[in-house]
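# Residue-level structural notes
Chain by chain, the residues:
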Amino acid sequence: MLLSATVAVKFSYLMYMTPAKPYDALILEGGSLRCAFTAGVLDAFAAHGFNPFSSYYSVSAGSMALTSFLSGQRKHFIDVASELVGDGKFIRFTSAFSEEGLMNLAHLAHVVRTTNPINWDAAYAAIEGKSLSIVAADCATGEPHYLHPEKGNWMRLVIASCTLPLVTRGRIQVGDRWVFDGGYADSIPLEKALSEGNKRLVVVRTRPSGQQVEQDTLDWIASYWFRDNPAMARLFEVGHQRYNTVVERLLTGGSDGATWREIAPLAPLKSAGYSVNADDLRADYRHGLEVGLDWLVAHGK
């Protein structure tokens, strides 16, 4: 993938920037294949060697993008995502009511083990002495559960954070808990990062800054489907309200001695939904790359 002349100039400019007080936490929103944008932002960071963070917080597919970033494998996420949407085995509408669901996360795990493997040694080395929290939702309580990779279980935790009822397998066991997609319990873990003492935060979004959401059809169906589990049902009833509250708070830019900056797409992404092709993914990836470079020029000193 060739870089535009504008992007190349930005790379050159960044080489001469003077470091300032570093950021201490990186927060990645989920969003399924919309995280192609996130991957572009993180590859801009990687190209500039920008990784001052001591704490990382990731949700759903944002956890996969973060894993690729921490492993030092530029373009890994977008290459994996492009393979998945192109081979016809990851998103299959005919499997929507099967055990695996509409999106086959077992196939994602297979691709990461075989055709596009993660450099796990590099990934674990990158978090040595740092904190990484992968957000999941506890099926019993509906509360967020923050998972921390140990040797050999990182990919399972990523899958756990991406496991969405009615769309994928539905839930996965981690230790003594059954968990699913963290996006419903803590979609943008700003409060968690602040509670752990972080003061300068970067939040990478997969929706335009300030864009709120409504309860969608899947939420309505899931809240009825899980009516015998009040904790889970409530997540699907009020999840959009919790999300919108965080979106509004992000617009303030900080409080109580902490500051945060958003990196968000300038318009709704092409890779939203489930009918996505490789061209959509790569367009969003390039958008993330350019927005990431613009942010580094303005704020990444």
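As the structure is a prediction and not an experimental result, all values here were calculated from the model. (Residues numbered from 1 in each chain as written. Predicted model: local features only at pLDDT ≥ 70, side-chain atom pairs only at ≥ 80, totals over all residues. Heavy atoms only, no water.)

This paragraph deals with the pattern of salt bridges. A full pass over the atoms with the stated rule returns seven salt bridges. Here R249 ties to E191 by a salt bridge, and the two come within 1.9 Å at their closest N and O atoms. Pair noted here: R249 is in helix α10 (residues 230-250) and E191 is in helix α8 (residues 190-195), with a separation of 58 residues, a long-range link. Taking relative accessible area as the criterion, R249 reaches 24% and is therefore assigned partly exposed. Between E262 and R205 there is a salt bridge whose closest N-O contact spans 2.7 Å. A residue pair is termed long-range when its members are at least 10 positions apart, and E262 in strand β9 (residues 258-263) and R205 in the loop between β7 (200-204) and α9 (217-225) qualify at 57 residues. Three or more residues joined by partner-sharing salt bridges are found here, namely E29, R205, R207 and E262. (Salt bridge = Lys/Arg side-chain N within 4 Å of Asp/Glu carboxyl O. Helix = DSSP H or I, 4+ residues; strand = E, 2+ residues; numbered from the N terminus. Buried < 20%, exposed > 50% of the residue type's maximum accessible area, 1.4 Å probe, protein only.)

Looking at the protein chain as a whole, the pLDDT averages 85, with 83% of positions reaching at least 70. In the predicted structure, residues 15-19 sits below a pLDDT of 50 and forms seven contacts with residues beyond four places in sequence or in another chain. In the model, residues 92-98 has pLDDT below 50 throughout and makes 10 contacts with residues more than four positions away in sequence or in other chains. (pLDDT = per-residue confidence, 0-100. Contact = heavy atoms within 4.5 Å.)

For the rest of this paragraph, the subject is the packing of aromatic side chains. One pass over the full model with this rule turns up 13 aromatic pairs. Between the aromatic rings of F50 and W295, the centroid separation amounts to 5.9 Å while the plane-to-plane angle is 65 degrees, which identifies the pairing as edge-to-face. Of the two residues, F50 is situated in the loop between α2 (35-48) and β2 (55-59) and W295 in helix α11 (residues 278-299); the sequence distance between them amounts to 245 residues. Assigned by exposure class, F50 and W295 land together as buried. Here F180 and F236 contribute two aromatic rings whose centre-to-centre distance is 6.1 Å and whose plane-to-plane angle is 15 degrees, an arrangement assigned as stacked. Here the residue F180 occupies a position in strand β6 (residues 177-181), and F236 occupies one in helix α10, the gap between them amounting to 56 residues. Residue classification places F180 among the buried residues on the basis of a relative accessible area of 0%. F236 sits in the buried class, given a relative accessible area of 1%. Through a chain of ring-to-ring contacts, the aromatic side chains of Y23, F45, F50, F53, Y56 and W295 assemble into a single cluster. Across the ring face of Y23, the terminal group of R200 is positioned such that the distance to the ring centre comes to 4.3 Å. (Phe/Tyr/Trp six-rings, centres within 6.5 Å; stacked < 30°, edge-to-face > 60°. Lys NZ or Arg CZ within 6 Å of the ring centre and 35° of its normal.)

Attention shifts here to α9. Taken together, the buried positions of α9 are D219, A222 and S223. The buried residues of α9 occupy an angular sector of 100 degrees when the element is viewed end-on, so they sit on one face. Looking at α9, the residues exposed on the side facing more than 90 degrees away from the buried face are T217, W220, Y224 and W225. Check the buried side of α9 and you find it contacts α10. (Arc of directions from axis to C-beta.)

Right, let's talk about the pairing of strand β1 (residues 25-28) for a bit. What you see with β1 is no split at all: A25 and I27 on one side and L26 and L28 on the other are buried throughout. By the bridge criterion, four bridges tie β1 to β2 in an arrangement that is parallel. Across the sheet, residue I27 finds its bridge partner in β2, namely Y57. For β1 and β7, the ladder comprises four bridges, and the chain directions are parallel. Within β7, the position partnered with A25 by the bridge is L201. (Pairing = 2+ DSSP bridges.)

A few words on the pairing of β7. Among the five residues in β7, five count as buried, and that is most of the element. Residues R200, V202 and V204 of β7 are buried on one face, and the alternating residues L201 and V203, pointing to the opposite face, are buried as well. Pairing of β7 with β9 involves five bridges; the strand directions are parallel. Residue V202 lies in a different strand from β9, and its bridge partner there is R261.

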